[in-house]
Amino acid sequence: MVHFVDPVQDLGAALLSVEKPNRYVGGEYGRLARRDATLQTLIAFPDLYEIGMSNQALKILYNQLNAIDGASCDRAFAPAPDFERLLRERRLPLYGLDTGISLRDRDLLFFTFGYELGITNVLAMLDLAAIPLHNSERGDSDPIVLMGGPCVSNPLPYQDFVDAFWIGEAEGGFFEMFTALVAMKIQGASRGELLAYIIDHPSVWTRGKTSARRAIDTMFTKRVNDVAVFPIPNMRVIQHHGAVEIMRGCPNGCRFCHAGYWYRPMRQKSIDAIEREVAAFVRRGGYREICLSSLSSGDYRGIEALVDRLNSKFRQEHVSFQLPSLRVSTFSLPLLAKLAEVRKSGLTFAVETPIDAWQLAINKQVSLDNVTAILKEARKQGWRGAKFYFMVGLPLPNIDEITEEAAIIGFILELAKRAGMHFSVNVGTFIPKPHTPYQWAAQIDEAAARVKLEYIRYELKSRGHKVGIQDPFISTLEGIISRGDERAGALIETAYRRGCRLDAWNEYIQKNVWYSIFAEHEVLTRDFLSERPSDAPLPWNVIDSGILPDFMQEERKKSFVQGSTSQCIEKCTHFCGTCTYDTHTVENIIQHDISLVDVLPSTIPNLPSSPVTHRLLFIFTKTGSAIFQPHLALIELFSMSMTRAAVPVFYTQGFNPLPKLEIAAPLSIGVSASAEIAAIETFGFYDAARFLEVMNCALPEGIRIVEAINVNIPFGVKKYSLSSLLWGFAYANGAETDYVPAANDKQYRAARIDATGSASVYGLHRLAVLAKSAVSTDAPESYFTVYRALYPDVLIPRIQNQNSPV
């Protein structure tokens, strides 16, 4: 029997007892999963909703898998401890947000695994769905548990919990394999037959298999991911913007960087493909901030031409762009000025280590003189600070006269003196990751790292700089898991059974539990962090990354003598191995003929300025899952929906333009409503009937616009805000209606709670938001009636939905 969970119906008022209940209720715009598909699968992201819904890989997988006929792909995220307790108390399983189907009642679960400290969350999610933690204990009624992502470059610590690992990029064959699984399922294939087919793939590894080769997307430069937009989160997530991947891989070969090696070779998308993806995020997703993402976006050939093109195309729609990673050698203040045309971005420098010889050792160059020149010019153009990233514990050649912590302090102080600025400085501990030239190196121990980090913080904070340090315990834990073998699995399971969850979060990690486990397995954990002989077999050798072992050894040796390696470009001077296959080659888009780029039409018309203020009042409902959306989230939902609907809303001026949207009165979480009042200002007249139609196609579940009117306010006539006209509210109270002045609303809600004996406002229903009468401030009237009285000569007749409650 398939188990369904409807969080609103099954949990109701109890959801108000947990932090951020909108994490767990679904209802987002753009949900795609279906209950009636033949093959039921789910992407399980082992972290909180706001982290998972920021993840680019999750959206690619979700959209691509749901596009396959006969398949459905849902989503689930790790619950916070309060929601986990609630599910256990109610004996409810962890469920998919789209369909409500339990994780156990799936054919496949796919964990996308991007950070090692999420592994206890994997176990929690399996356990909450009543899926056996060990793959050896699963049977025909259990789903096949798959895992992919950069962290499975060493799958051994997780091999007891996962049935099979996808190695590499999903576009390199996963979707084709998945399509075949759908066909097999239609033909009645059993769990065992599906799993056998999966394991047979050359890019799948499981215990007992001697090797698996990393899958590479050979079509990346030609691919347009304009479907990888949905769903749109119902709350502000960690990276609340559209993310367009402009380049995969990195040309620079920094020897400490796992991603730089794991995603070789470097491949670029065309401007045409990027523009189409941006258009999808803006016009289908409603995003006005777009991240042009890659490991080193400044190395994209023609980056300034790309930004010029995007600005000219989307500036009118108030869309801004950001580049998350710029090297100093590719840093351009004219480029930053282009990025700041709509919103001003910050200056960020990933220096890693400050001495020139040390930079050569890690194959990276960020000279003090270059950074100084950039900052001096930046200050002239209005920037007042910058952010810097460093690491301690890198395997650097010895320089007797200075320590790395003293060198970092000296670099920042000298730079501050030259540039006349104060900085934000972030310092972490280096972790030697698998499949990099430093994979044999030792990791600095926690105590030594802490001394260095605290010294840096003390010296720089006392001189006016902001300093953030990564907890060296977290780095130690990450190192043990990422460099461990199959024995690490027992440590992970022990930690989970002793209560560890969400170890990447300072408020949730239980260090005392992990410390006790380290003490119980002192020799083992020390072994995982220790230096390894260059000829010793490594646990992760079962994974073929595509990079030749001899190349890794050569890079390691170059580090000792500060030798540099040229970029990963079309005609490189080194041979790493990833381009040995005919279809795996470096691809740069060298020529950018902007005149040939396919121009996508703007959805916002050019409208003349007008002395008339065009205001549009509307009434909306808030029911179902939407009652768990807080006020600020509601404003964001309306803003994004208006962008999707191409409503020509008026924007504020200044550093961060926002739509001119006002909601008359906030509504408490848990209270439903049938006639809330809001207003926007538009460029020119925008018909209320059209507004109602397009907005209801763009809003998420539980929010519907039921009535709208146009109000044109001539120049010189006073413009009344909704809040200035607020009288109060009408509430349903059984068969009666209670009219409550705004000043008494808090006391009224408290009295209703006392009268019903409930613990919250859940179940309360607000019938209407009422305005002060134009005749008497003591008598309430509808906002539409009041606006007719205020602007009798310019009001355009209202448009009402057939289902309007008013």
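Residues numbered from 1 in each chain as written. Predicted model: local features only at pLDDT ≥ 70, side-chain atom pairs only at ≥ 80, totals over all residues. Heavy atoms only, no water.

## Focus on the packing of aromatic side chains
All told, the structure shown has 30 aromatic pairs when counted by the stated rule. Judged by centre distance (5.1 Å) and plane angle (85°), the ring pair of Phe113 and Tyr158 falls under edge-to-face. With Phe113 in the loop between strand S3 (108-112) and helix H5 (119-128) and Tyr158 in the loop between strand S4 (144-148) and strand S5 (164-166), this pair connects stretches of sequence that are 45 residues apart. Pair check on accessibility: Phe113 and Tyr158 agree, each one buried. Taken together, a centroid distance of 5.8 Å and an interplanar angle of 85° make the contact between Phe430 and Tyr438 edge-to-face. Its relative accessible area of 1% is what places Phe430 among the buried residues. (Phe/Tyr/Trp six-rings, centres within 6.5 Å; stacked < 30°, edge-to-face > 60°. Helix = DSSP H or I, 4+ residues; strand = E, 2+ residues; numbered from the N terminus. Buried < 20%, exposed > 50% of the residue type's maximum accessible area, 1.4 Å probe, protein only.)

## What to know about empty space enclosed by the protein
Within this structure, the stated rule accounts for six cavities of 30 Å³ or more. Forming the boundary of the largest cavity are 19 residues, of which Gln56, Lys59, Ala228, Ala243 and Phe281 lie nearest the centre. Residue assignment for the lining of the largest cavity shows that the elements contributing at least two residues are helix H3 (56-66), strand S8 (242-245) and helix H9 (271-285). Split into classes, the residues belonging to the lining of the largest cavity amount to eight nonpolar, seven polar and four charged. (1 Å grid on protein atoms, 1.4 Å probe; cavity = no way out; pocket = protein on both sides within 12 Å on 5 of 7 lines; lining within 4 Å. Points joined across faces, edges and corners; volume = space filled by probe spheres on them. Nonpolar A, V, L, I, M, F, W, Y, C, P; charged D, E, K, R; others polar.)

## Here's the deal with the environment of His631
Structurally, His631 is set in helix H21 (residues 631-644). For the pair His631 and Ser668, spaced 37 residues apart in sequence, the C-alpha separation works out to 7.7 Å. With residues up to four places along the chain from it excluded, the contact list for His631 reads Ile663 and Pro666. (Contact = heavy atoms within 4.5 Å.)

## Observations concerning the nonpolar core
Grouped together as the largest cluster of nonpolar side chains are 111 residues, with contacts concentrated most on Phe83, Met147, Tyr158, Phe174, Phe178, Ile198 and Trp514. When residues of this core are assigned to their parent elements, the largest contribution, seven residues, is made by H5. Discounting residues that sit within four places of it in the chain, Ile198 has contacts with Leu108, Ile144, Leu146, Ala164, Met177, Leu181 and Val204. (Core = buried A, V, L, I, M, F, W, Y, C linked by side-chain atoms within 4.5 Å.)

## Considering H5
Counted residue by residue, H5 has nine buried out of 10 residues, so it is predominantly covered. All buried positions along H5 are accounted for by Ile119, Thr120, Asn121, Val122, Leu123, Ala124, Met125, Leu126 and Leu128. Trailing H5 by a residue or two, Ala130 shows a phi angle of about 60°, which is positive.

## A closer look at the sheet that holds strand S11 (residues 289-293)
The sheet built from three strands is open, its strands ordered S8-S11-S12 with parallel pairing. Pairing within the sheet leaves two strands with one partner each, and these edge strands are S8 and strand S12 (320-322). Going from strand to strand, the sheet's axes swing by 30° on average, the running direction of each strand aside. H9 rests against S8, S11 and S12 of the sheet, and its axis sits at about 165° to S8. (Pairing = 2+ DSSP bridges. Axes fitted to C-alpha atoms, helices over the stretch in contact; angles between N-to-C directions.)

## Digging into helix H10 (residues 303-314)
Taking 1.5 Å as the rise per residue, H10 with 12 residues should run 16 Å; its terminal C-alpha atoms sit 16 Å apart, in good agreement. Within the span of H10, buried status applies to Ile303, Leu306, Val307, Arg309, Leu310, Asn311, Lys313 and Phe314. The secondary structure elements touched by the buried residues of H10 are H9, S11, S12 and helix H11 (333-339). (Expected span 1.5 Å × (residues − 1).)

## Some points on the side chain of Arg532
Residue placement: Arg532 occurs in the loop between helix H19 (522-529) and strand S17 (543-544). Buried and unpaired, Arg532 has Asp527 as its nearest opposite-charge partner, separated by 5.9 Å. For Arg532, the side chain forms a polar contact with the main-chain oxygen of Phe528, separated by 2.8 Å. Residues contacting Arg532, with those up to four places away along its chain left out, are Trp440, Arg483, Asp527, Leu538, Pro539 and Trp540. (Lys, Arg positive; Asp, Glu negative; His and termini not counted. Salt bridge = Lys/Arg side-chain N within 4 Å of Asp/Glu carboxyl O. Polar contact = N/O pair within 3.5 Å; in protein donor to acceptor, adjacent residues only side chain to side chain.)

## Regarding the sheet that holds S4
As summarised here, the arrangement of the six strands in space is S2-S1-S3-S4-S5-S6, forming an open sheet in which the pairing is mixed. Strand pairing shows two members of the sheet lacking a second neighbour, strand S2 (71-77) and strand S6 (204-205), which therefore form its edges. Sheet topology places S5 next to S6; two bridges connect them, and they run antiparallel. For Trp166, the partnering residue across the bridge sits in S6 and is Val204. Along the sheet, H5 contacts strand S1 (39-45), S2, S3 and S4; its crossing angle with S3, the most-contacted strand, is approximately 160°. The sheet strands contacting helix H6 (residues 174-186) are S1, S2, S3, S4, S5 and S6, and the helix crosses S1 at an angle near 140°.

## Some points on the layout of surface pockets
There is about 510 Å³ of room inside the second largest pocket. Lining the second largest pocket are 26 residues, and of these Arg236, His240, Leu632, Ile635 and Glu636 sit closest to its centre. Ranked by residue count, the leading element in the lining of the second largest pocket is H21, at seven residues. Considering only residue class, the lining of the second largest pocket consists of 14 nonpolar, six polar and six charged.

## Some thoughts on the pairing of S11
With respect to burial, S11 is a largely interior element, four of its five residues being buried. In terms of strand pairing, S8 meets S11 through four bridges, oriented parallel. Following the sheet pairing, Glu245 is matched in S11 by Ser293. Here S11 runs beside S12; their pairing, made up of three bridges, is parallel. Bridging across to S12, Glu289 finds its partner in Ser320.

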